[in-house]
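Letter by letter, the chains look like this.
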Amino acid sequence: MWESESESVRGREYGNGVLSSSKHGVKTDGFELRGQSWYVATDVPSDLLVQVGDMNFHLHKYPMLSRCGKVNRLIYESNNTELNKIAFEDLPGGAEAFELAAKFCYGIAVDLTAGNISGLRCAAEYLEMTEDLEEGNLIFKTEAFLSYVVLSSWRDSILVLKSCEKLSPWAENLQIVRRCSESIAWKACANPKGIKWAYTGKPSKVSSPKWNDLKESSPSRSQPVPPDWWFEDVSILRIDHFVRVVTAIKVKGMRFELIGASIMHYAAKWLPGLIKDGQGQGPADDVMSISSNSNSSCGSSSWKGGLHMIVAGTKDENPSIQAKDQRMIIESLISIIPPQKDSVSCSFLLRLLRMANMLKVAPALVTELEKRVGMQFEQATLADLLIPSYNKGETMYDVDLVQRLLEHFLVQEQTESSSPSRPPFSDKHMYEGAQRGNNPNAKMRVARLVDSYLTEVSRDRNLSLTKFQVLAEALPESARTCDDGLYRAIDSYLKAHPTLSEHERKRLCRVMDCQKLSIDACMHAAQNERLPLRIVVQVLFSEQVKISNALANSTLKDPAEAQYQPLIPNHKTLLEATPQSFQEGWAAAKKDINTLKFELESVKAKYLELQNDMENLQRQFDKLSKQKQTSAWTTGWKKLSKLTKMTPVESQDMGHQMSNTAEQTRKAPRRWRNSIS
């Protein structure tokens, strides 16, 4: 953002970054390059050959011995004053840095820039160019340029820190990395209000304002600075230097949301597979995707604000080296993610977890990452949760991983609910994030997410019934107010596993509460041939209970309220809230159920008719059986019993009748005897 050019006050004191030595013993017009050798443009013949890597430097002893303690020591400790050949195989900065140091020894002007200062400073330390040999030697001047020019500039601090990647461990031991990291952190945390800004990664034609000159510029005239202005510049650093900068920024007290956003920005630049991960890809597809993305990124010749040096490499680079570098990046990013909730998105954590499992990251860091996902598991989406299983011979998706994430979520919820009176974190933002997580709707969102995940993974024929049941029963019953999603997952599992026994089907359906099914889901389940018969009966019974309760509630309501709150709108509301998959085929199911009810009523009517006919036949049979059992003697005895019970008037009438009968019998005795016989 900020750039301090060499025209600053302190920069002028050091000759605008141009170093020169006033004392030199050999008059020269400069250095000449011939093939792989450097020659001093002078008439004095060379008496010292210095080899640095593949380059040869034909120099003179006097200028080098007067300013380089290492060259002086090597010649005099060898007890051979005629020694004219020295090799520096491990000189930091290589031949470029030694060329500048040699020019300084000859008194040739050297331009100091942010690109060469770190290598020259390390080379001066290696060559022991101290003040003991000459006042104002190279160590002193490069150190002054670093302190007063580089560290006062945002852009120069970034570039110097970037150049330190090839200078380990010298740059680390000389505190160049630490000082640049702290300078970047201080400027990133400073209030950018009223300061003009420009990205370092933009083309050079965009003028970068100076840190010193623009502090007092008017806010109304300057472009407003976004809070993430420093993300792009910091993202060009190597992962170990990025970690140093982020750690220093944390110490300065920057908001954890911005730190998390910078980490996500860095991961998007250096881990191409983290963004371009197709849904439903297998483990082999993920590996090929990362390799191709790495090779394609390194083939680009333009800078585009960042250098893909570690992850990208070259096209001939071994894929195992790329995987090793990416593993180091992932492990480093996990270690610096702020501990506060919502510092990074749950989607980012899940994608990072997916790559961590694929690249075999350290188990301790994977466990820590899983706990972080569990803290904000309610924010996850189904697409990010479908993480492939990278162990051969198992299920397509890593169901055990989702089970662990769900357990971490429940542990976090239990911890927050057990101590609601005191903040679990000292930081205010952390406490607010935890309070947002302790929301009763969080478990409901997780329940819907788990049901959708079960529906997706249930199509895998290798998914065992035990894993499905354990994951479905992991949440408490209060988390689900409606089991329609769980019913859909069970139905999908039954479709994909048609060979389940009756006992296994019953065991699978026990995870579902039939009373929590909607009316439309009950209608669908009533005609589902894959469900056990007992479950279908329970569904029908719960449906009947719901209908009865609905009718009872509608009768208890006030007629005026019933006029404005009929039962049909409630039914429509339930239907709209039901997933689309359950609504398919339910119209036909309603017709079938109505037909069955009509047939059942017809059977009941026929049964009543047959029962009446049977009762009539039984009565007729009883009459016939009684008539066969009666005889004349029994009839006579019945008449005599009646006579004994008659009144006097009735007895007189009966006496007259008996006398008349006696007279008739006397007149015709033969007929009476015949009737008796």
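Here is a short report on the structure shown in this document. (Residues numbered from 1 in each chain as written. Predicted model: local features only at pLDDT ≥ 70, side-chain atom pairs only at ≥ 80, totals over all residues. Heavy atoms only, no water.)

## Considering the overall build of the protein chain
A tally of helices and strands in the protein chain yields 32 helices and seven strands. A buried classification covers 42% of the 677 residues belonging to the protein chain. Of all intrachain contacts in the protein chain linking residues separated by at least 6 positions in sequence, the fraction that spans at least 24 positions is 72%. For the protein chain, the exposed area adds up to about 37,500 Å²; of that, 53% sits on carbon and sulfur atoms. (Helix = DSSP H or I, 4+ residues; strand = E, 2+ residues; numbered from the N terminus. Buried < 20%, exposed > 50% of the residue type's maximum accessible area, 1.4 Å probe, protein only. Contact = heavy atoms within 4.5 Å. Areas by Shrake-Rupley, 256 points an atom, 1.4 Å probe, with all protein chains shown as cover.)

## Side note on the packing of aromatic side chains
The full count for this structure, using the stated rule, is twelve aromatic pairs. A centroid spacing of 4.9 Å and a plane angle of 70° characterise the contact between F57 and F98, whose relative ring orientation is edge-to-face. Residue F57 is found in strand β5 (residues 55-59), and its partner F98 is found in helix α4 (residues 94-105); the two are separated by 41 residues along the sequence. No difference in accessibility class separates F57 from F98, as the two residues are buried. A connected cluster of aromatic rings, assembled from ring pairs, spans F57, F88, F98, Y126 and W170. Directly above the ring of Y39 sits R34, whose terminal nitrogen or CZ lies 4.5 Å from the centroid. Between the NZ or CZ atom of K70 and the centre of the ring of Y126, over which it lies, the distance is 4.8 Å. (Phe/Tyr/Trp six-rings, centres within 6.5 Å; stacked < 30°, edge-to-face > 60°. Lys NZ or Arg CZ within 6 Å of the ring centre and 35° of its normal.)

## Here we look at unusual backbone geometry
The omega angle of the peptide bond from S168 to P169 is 0°, so this bond is cis rather than trans. Within the fold, P169 resides in the loop between α7 (154-163) and α8 (170-173). Non-glycine residue Q175 carries a positive phi angle of around 65°. Counting through the fold element by element, Q175 comes out in the loop between α8 and α9 (176-189). In the Ramachandran plot, D342 falls in the positive-phi region, its phi being about 70° despite a non-glycine side chain.

## Observations regarding the environment of R510
Structurally, R510 can be placed in the loop between α23 (502-509) and α24 (519-526). Linking R510 and E473, residues 37 residues apart in sequence, is a C-alpha distance of 9.7 Å.

## As for the sheet that holds strand β6 (residues 85-87)
Neighbouring strands of a sheet are bound in pairs by backbone hydrogen bonds; such pairs are parallel or else antiparallel. Spatially, five strands are ordered β2-β3-β5-β4-β6 in an open sheet, and the strand pairing comes out mixed. Two strands close off the open sheet at either side, each with one partner strand: β2 (31-34) and β6. Going across the sheet, the axis of each strand differs from the next one's by a mean of 20°, ignoring polarity. Sheet contacts for α4: β2, β3 (37-40), β4 (48-52) and β5; angle to β5, the most-contacted strand, approximately 10°. (Pairing = 2+ DSSP bridges. Axes fitted to C-alpha atoms, helices over the stretch in contact; angles between N-to-C directions.)

## What to know about the packing of helix α16 (residues 363-375) against helix α18 (residues 399-418)
Here α16 crosses α18 at 60°, and the two axes come no closer than 8 Å. Relative to α18, the element α16 lies oblique. Handedness of the crossing formed by α16 with α18: right-handed. Note on element contacts: α18 touches α16 through L401, R404, L405, H408, F409 and Q412, opposite E370, K371, V373, G374 and M375. Per-class residue counts for the contact of α16 with α18 are five nonpolar, three polar and three charged. (Parallel < 35°, antiparallel > 145°, perpendicular 65-115°, else oblique. Left-handed = near helix turned anticlockwise from the far one by under 90°. Nonpolar A, V, L, I, M, F, W, Y, C, P; charged D, E, K, R; others polar.)

## Structural notes on the pattern of salt bridges
If you walk through the whole model with that rule in mind, you get 19 salt bridges. Notably, a salt bridge pairs E128 with R73, separated by 2.6 Å at the nearest N-O pair. Taken together, the positions of E128 in the loop between α5 (117-126) and α6 (138-150) and R73 in helix α3 (residues 69-77) put the pair 55 residues apart, joining distant regions of the chain. Given a relative accessible area of 27%, E128 falls into the partly exposed group. Residues joined in a network through salt bridges with shared partners are R121, E125, E143 and R179. (Salt bridge = Lys/Arg side-chain N within 4 Å of Asp/Glu carboxyl O.)

## A closer look at the pairing of β5
Counting buried positions along β5 gives four out of five residues, so the element sits mostly inside the fold. Sheet analysis places β3 next to β5, joined by three bridges and oriented parallel. Opposite W38, over in β5, you have F57 as the bridge partner. With five bridges joining them, β4 and β5 adopt antiparallel strand pairing. Following the sheet pairing, L49 is matched in β5 by H58.

## Details of the environment of S66
Along the chain, S66 turns up in helix α2 (residues 61-67). Note: C-alpha distance between S66 and L133 (67 residues apart in sequence) is 6.5 Å. A distance of 2.9 Å separates a polar atom in the side chain of S66 from the backbone oxygen of P63. Polar side-chain contacts of S66 include one of 2.9 Å to the side chain of R67. (Polar contact = N/O pair within 3.5 Å; in protein donor to acceptor, adjacent residues only side chain to side chain.)

## Let's talk about α5
Within α5, nine of the ten residues are buried, leaving the element largely enclosed by the surrounding structure. Restricting attention to buried positions, one finds in α5 the residues I117, S118, G119, L120, R121, C122, A123, A124 and Y126. Looking at the buried side of α5, the elements it contacts are α3, α4, α6, α7, α8 and α9. E128 sits one or two positions beyond α5 and adopts a positive phi of about 60°.

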